[in-house]
Amino acid sequence: MFNKNNEHSKSTSSKSKSKSRLKVQPVLVSDVSTTDASMLYNNDSNNSSSSSESKSRHNNSNNNKKDGNILKKFGKKLFGKKNSRKSINGDIASLEQISNKQISERMAEEELEQKSTLDILLLGAGGSGKTTVFKQMQKLFHGFIDEKEMEFALDDIRENIMVDMIDLCKYNMDRGYTTKIESIELREICSRIASLNSIDQPNSLLTKSLSKEIYLLWSSPSIKETWELRKKSHIMDNTPYFLDNVQHFANPNCIVTFDDFVRIRDQTTGIIQTEFFVENGRNKWLFKITDVGGQRAERRKWLHVFAGVDVVIYVMSLSAYDQVLYEDHNTRCWDETLNLFEKTAANKSFKETDFIIFMNKSDIFDEKIKVIPFDTYKPDYPKDQINDGESVKNWLQQEFQTRFFNPSNRARQYNSNRYGRNNGHNGHIVYKNNNNEEEKEDIGNGHAQNGGHDNKTKRGIHFHITCATDTNQIETVVRCVQIELIRKLMSRAALL
């Protein structure tokens, strides 16, 4: 900014010069850096209340030193020989104009960024497969999974294997099914595994020799029967996948694939966030995704992430119609799913928020409905349709639709007590099947009433049938959702 040699030659006489009256001459503002200008502005503005105060300050030796030091740093560039308060104030005014322009430009940039940013919230009850969807999105848009996660994946798989097998053996023995096991050798294996500790680092228990015994025991029809009973109250959808390959995962040189990774059952705790950019022509969109735990103990954290959400992706398990909650064996999974959705959708934070329902685990559901009729869940369901999977899906969509557009008084009261008065809703419904084809479209402008007033909003509800462990299928669905969301962003940014 100034000549260093000149600075050095002047430094020896700084004390004597500090006592003399400062004489300055204005120069162009463009020659002054932002840092220099701020130093000048702060120094000047704090002492410009009156000319007498300014003169007294210059007579103070300590403050003169401070002024001298400032002038030594950029005096030649900013000041000349003659002091001109008017010129200095003019320069400061010019600097303020530049600063105001920069602020305006930054505000415009932030407004544009906000219009091109979409906040997505992943919700769903425990065991819905929500975190699996989150993993697929990470892989799809980032192209990779965090290395640390993959490093721990093998330990997580081994832990899943041991926890599930210990649970099955204990369940078998507690209910007296051990006598059904085909041989004395397998009974002894079952008894020994049941005595193991599944809490303290169970992944370390899986040795090569134990994996062989687990494989033999899992091949037993009696243990498979035990699993059929146990999975009604415990999330064990991927148990067969891991137990069928138990010896492979016990190998110290085992390399975990992404298909293995997405099947790991790992309860989400706390709040997990990720973001990614999606390009569409000349435009670039930022998607921010938040995943929160679905278990009851985790739901108190949901309120912290409700504000500012543009889209809620609500994940539910189609295959859980005959199951009860792991944390409450008196509550059926579908009852919990539907009631939780109704309370969430009725929250005033989401009065203009679109909901996308992922009806997940369709692969398991399609096989289960053939052998376990739907009247297991709904006894009055038409008898000629109790094994008709498409009929059940349609019924379920209507249940979601009813709770979305016309929430019960109980749901409204729940939100009224916690958050204040809530409005009714209006919108549209779209259903996509496994091939991503639309089967239902706009349902019109039906709306709920609250306090005798019609409360129309601009939100909608959409359905997608998903299998979160099928990477190709979930990619097709997510790409379709991506298009829907970009249309929403373009509409917000007035590009449509």
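Residues numbered from 1 in each chain as written. Predicted model: local features only at pLDDT ≥ 70, side-chain atom pairs only at ≥ 80, totals over all residues. Heavy atoms only, no water.

*Asks:* Is there a simple way to explain unusual backbone geometry in this structure?
*Replies:* With glycine set apart, most residues show a phi of negative sign, and most peptide bonds adopt trans. The phi angle at K361 is positive, at roughly 60 degrees, despite the residue not being glycine. As for its position among the elements, K361 is in the loop between β5 (354–360) and α16 (362–371). Since its relative accessible area comes to 11%, K361 is described here as buried. (Helix = DSSP H or I, 4+ residues; strand = E, 2+ residues; numbered from the N terminus. Buried < 20%, exposed > 50% of the residue type's maximum accessible area, 1.4 Å probe, protein only.)

*Asks:* Honestly, the pattern of salt bridges in this entry has me stumped. Any pointers?
*Replies:* Oppositely charged side chains may form a pair once their charged atoms are brought near each other. According to the stated counting rule, one finds 15 salt bridges in the structure shown. Close ionic contact of K231 with E228 constitutes a salt bridge, the shortest N to O distance being 3.1 Å. Residue classification places K231 among the buried residues on the basis of a relative accessible area of 14%. For K393, the salt bridge identified is with E390, shortest N-O distance 3.3 Å. Highlighted residues: K393 and E390, both in helix α17 (residues 389–405), separated by three residues, approximately one helical turn. For K393, a relative accessible area of 1% gives the class buried. (Salt bridge = Lys/Arg side-chain N within 4 Å of Asp/Glu carboxyl O.)

*Asks:* It is not clear to me how the nonpolar core should be interpreted in this structure. Could you clarify?
*Replies:* As a rule of thumb, soluble globular proteins bury nonpolar side chains together. Counting 39 residues, the largest nonpolar core has W334 and F400 as its most contacted members. Residues within four places of F400 in sequence aside, it is in contact with Y314, M316, T337, L338, F341, I357, I461 and F463. Counting 35 residues, the second largest nonpolar core, distinct from the first, contains L154, M165, L168 and V246. (Core = buried A, V, L, I, M, F, W, Y, C linked by side-chain atoms within 4.5 Å. Contact = heavy atoms within 4.5 Å.)

*Asks:* Please explain helix α8 (residues 147–174) as it appears in this structure.
*Replies:* Because each turn of an α-helix spans 3.6 residues, side chains separated by three or four positions in sequence point in the same direction. Taking 1.5 Å as the rise per residue, α8 with 28 residues should run 40 Å; its terminal C-alpha atoms sit 41 Å apart, in good agreement. The sharpest bend along α8 comes to roughly 40 degrees, located at A153. Taken from the residues just after α8, G176 is the one with a positive phi, measuring 70 degrees. (Expected span 1.5 Å × (residues − 1). Bend = angle between axes of the 7 residues up to and from the residue.)

*Asks:* What exactly am I supposed to notice about the environment of I214 here?
*Replies:* With respect to the helices, strands and loops of the structure, I214 is situated in helix α10 (residues 208–218). A residue is classified by how much of its surface remains accessible, and I214, at 0% relative accessible area, is buried. The sequence separation of I214 and I166 amounts to 48 residues, and the corresponding C-alpha distance is 10.0 Å. When near neighbours in sequence (up to four residues on either side) are disregarded, I214 contacts M162, M165, I193, L206, L243 and V246.

*Asks:* Hey, could you run me through the side chain of S319 in this one?
*Replies:* Checked against the element boundaries, S319 lands in the loop between β4 (311–317) and α15 (333–345). By relative accessible area, S319 is classed as buried at 1%. Within the structure, the side chain of S319 is placed 3.2 Å from the side chain of S317, a separation counted as a polar contact. With residues up to four places along the chain from it excluded, the contact list for S319 reads N360, K361, I364, F365 and K368. (Polar contact = N/O pair within 3.5 Å; in protein donor to acceptor, adjacent residues only side chain to side chain.)

*Asks:* Where do I start with the environment of V324 in this structure?
*Replies:* One can find V324 in the loop between β4 and α15. Counting along the chain gives 90 residues from V324 to H234, while the straight-line C-alpha distance between them is 8.0 Å. Contacts of V324, omitting those with residues within four sequence positions, involve K232, S233, H329, T331, R332 and C333.

*Asks:* Looking at this structure, how should I read a negative patch on the surface?
*Replies:* A surface patch of like charges, here negative, comprises D146, E147, E149, E151, D155, E159 and D266. Taking relative accessible area as the criterion, D155 reaches 31% and is therefore assigned partly exposed. (Patch = residues over 30% accessible without salt bridge, like charges linked within 9 Å, V, L, I, M, F, W, Y side chains within 5 Å. Areas by Shrake-Rupley, 256 points an atom, 1.4 Å probe, with all protein chains shown as cover. Lys, Arg positive; Asp, Glu negative; His and termini not counted. Charge placed at Lys NZ, Arg CZ, Asp CG, Glu CD.)

*Asks:* What is the right way to read the packing of aromatic side chains from this model?
*Replies:* Centre distance and the angle of the planes are the two values used to describe a pair of aromatic rings. Throughout the structure, instances matching the rule amount to 25 aromatic pairs. Judged by centre distance (6.3 Å) and plane angle (65 degrees), the rings of Y314 and F400 are edge-to-face. With Y314 in strand β4 and F400 in helix α17, this residue pair connects regions lying 86 residues apart in the sequence. On the basis of relative accessible area, F400 is assigned to the buried category, the value being 0%. Residues W334 and F374 carry aromatic rings whose centres are separated by 5.5 Å and whose planes lie at 55 degrees to one another, so their mutual orientation is tilted. Placement of the pair is W334 in helix α15 and F374 in the loop between α16 and α17, with a sequence separation of 40 residues. Considered together, W334 and F374 belong to a single accessibility category, that of buried residues. (Phe/Tyr/Trp six-rings, centres within 6.5 Å; stacked < 30°, edge-to-face > 60°.)

*Asks:* Which parts of the structure should I look at to understand α16?
*Replies:* Restricting attention to buried positions, one finds in α16 the residues S362, F365, K368 and I369. Take α16 and look down its axis: the buried residues cluster within an arc of 125 degrees, on one side only. For α16, the exposed residues set more than 90 degrees away from the buried face come down to E367, K370 and V371. For α16, the secondary structure elements touched by its buried residues are β5, α17 and β10 (461–465). (Arc of directions from axis to C-beta.)

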